[in-house]
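# Descriptive analysis of the structure
Listed below are the residues making up each chain.
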Amino acid sequence: MLLYILRRVLSAISVVIVTLVASFALFFFAPTDPAGVICGPRCTPERLANIEQSLDLDKPAVQQIASYMKGLVVGREYTSGGVTQHCSAPCMGYSYTLGQPVTKLLANALPVTISIVIGGAVVYLTFGILAGTIAAQVRGTPMDKFTVGTTLVIASFPYFVFALLVALYATFLPQSGWTPFTENPWAWATGLVAAWLCVGVTNAASYTRYSRASMIESLGQDFVRTATSKGISRRRVVYRHGLRAALTPVATIFGIDLAFQLTGAIFTESIFGLPGLGLLTLRAFGQYDLPVLMGGVLVGSVVLVVMNLIVDIAYTVLDPRVRLG
């Protein structure tokens, strides 16, 4: 099992490095002049030179990549407005547009996105798995058909349409906004209720169907029939034996979904005015703020790779056949 995990870790590191190099080339070696775009049509030569120096665009391409990599590991020095400052590791550069280190901007935005995604995950996992498990036990009944039909209706709505409807008409919900958990836990929770509701309801529809299909397959296995024939209670057979086997494919889907939601919460943050990672990246794109865009891509790639790694390791716990193989 140790060798299995080691192979996955090495694979994850290689994917992050390749993504980093490809993204750097895409953003900084594009045919357009990044410094000229940032500076604008009335740019003076002095200001243009200052921007190029701040973004290291005045250096050779190989040196730019090496400097960026070095900053991630040990930190580096950067110059802005003629002033040289030290950027501690992991240094992702300096936002010339916002006048702040990228690491600081991401550190302020990431807790918002994590709060949205984790809170929504609690909602859709709880209701989705519970509804799917109950529907599997009453397969073919009117209750089962009603559950499946409801999930199909909810899933047919585009997410941003559902979120807009909630923002416009769900006036009974608390006002959306961001308050750090450490400052006021109650204000933190109430400000995220609408976002949690949108993420939870829309994803619960999918997880209900996933759980139902997996649970139907699990309840038809020999070990479930054997446990039932031994006189074990139906509830214990379903929730202790059948549900554990049914959660294996659901865990795989959840790991990937969680990673994509962490990197793609842009609609939720934009609609409810939450200053998260998606909103920060969107604004950086509009301002051609390359260091912030690069930092967002790096965080997103690391999150996706780490979640895939966690899913692979969790699989060895949920399904012993992976570990034995």
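Bear in mind that the values here come from a model prediction, so they are computed numbers and not experimental data.

Those places that UniProt annotates as "transmembrane region" (unreviewed entry) correspond, in this numbering, to residues 9-30, 112-136, 148-173, 185-205, 245-272 and 292-318. Its end C-alpha atoms 27 Å apart, residues 148-173 is made of 77% helix and 0% strand. A helix fraction of 93% and a strand fraction of 0% characterise residues 245-272, whose end C-alpha atoms lie 38 Å from each other.

Below, the discussion takes up the pattern of salt bridges. One pass over the full model with this rule turns up one salt bridge. Of the charged contacts in the structure, one is a salt bridge between Asp 144 and Arg 212, with a shortest N-O distance of 2.8 Å. With Asp 144 in helix 6 (residues 142-156) and Arg 212 in helix 8 (residues 185-219), this pair connects stretches of sequence that are 68 residues apart. Of the two residues, Asp 144 and Arg 212, neither departs from the other in class, the shared state being buried.

Time to look at helix 4 (residues 61-74). An α-helix turns once every 3.6 residues. As a result, residues three or four positions apart point the same way. A rise of 1.5 Å per residue sets the reference length of helix 4, with its 14 residues, at 20 Å; its end C-alpha atoms lie 20 Å apart and thus fit the reference within 8%. All buried positions along helix 4 are accounted for by Gln 64, Ser 67, Tyr 68, Gly 71 and Leu 72. In a view along the axis of helix 4, the buried residues occupy a sector of 135°, so they form one face of it. In helix 4, the exposed positions that point more than 90 degrees away from the buried face belong to Val 62, Lys 70, Val 73 and Val 74.

Another point: the environment of Tyr 68. For Tyr 68, the position within the fold is in helix 4. The class of Tyr 68 is buried, set by a relative accessible area of 4%. For the pair Tyr 68 and Tyr 4, spaced 64 residues apart in the sequence, the C-alpha separation amounts to 31 Å. Leave out the neighbours within four places in its chain, and Tyr 68 touches Leu 20, Phe 24, Arg 76, Cys 91, Met 92, Met 294, Gly 295 and Leu 298.

It is worth spelling out the nonpolar core at this point. Ranked by size, the top nonpolar core spans 58 residues in total, and within it Tyr 68, Met 92 and Phe 272 carry the most contacts. Excluding its chain neighbours within four sequence positions, the residues that come into contact with Met 92 are Tyr 68, Leu 72, Val 102, Thr 103, Leu 106, Pro 291, Gly 295, Leu 298 and Val 299.

Glancing now at helix 12 (residues 277-286). Within the sequence span of helix 12, burial applies to Leu 277, Gly 278, Leu 279, Leu 280 and Ala 284. A positive backbone phi angle near 55° is found at Tyr 288, which sits one or two residues after helix 12.

Before going further, it helps to examine the domain arrangement of the protein. According to the domain assignment, the protein consists of domain 1 (34-91) and domain 2 (103-318). Look at where the C-alpha atoms of domain 1 and domain 2 centre, and you get two points 38 Å apart. At the boundary of domain 1 and domain 2, one finds zero salt bridges. Applying the counting rule to domain 1 against domain 2 returns one residue pair in polar contact (both at pLDDT 80 or more). Its residues assigned to classes, the side of domain 1 that touches domain 2 comprises eight nonpolar, no polar and no charged.

The rules behind these values
Residues numbered from 1 in each chain as written. Predicted model: local features only at pLDDT ≥ 70, side-chain atom pairs only at ≥ 80, totals over all residues. Heavy atoms only, no water. UniProt positions renumbered as here; feature names shortened; annotations may be inferred. Helix = DSSP H or I, 4+ residues; strand = E, 2+ residues; numbered from the N terminus. Salt bridge = Lys/Arg side-chain N within 4 Å of Asp/Glu carboxyl O. Buried < 20%, exposed > 50% of the residue type's maximum accessible area, 1.4 Å probe, protein only. Expected span 1.5 Å × (residues − 1). Arc of directions from axis to C-beta. Contact = heavy atoms within 4.5 Å. Core = buried A, V, L, I, M, F, W, Y, C linked by side-chain atoms within 4.5 Å. Domains from an automatic or database assignment. Polar contact = N/O pair within 3.5 Å; in protein donor to acceptor, adjacent residues only side chain to side chain. Nonpolar A, V, L, I, M, F, W, Y, C, P; charged D, E, K, R; others polar.

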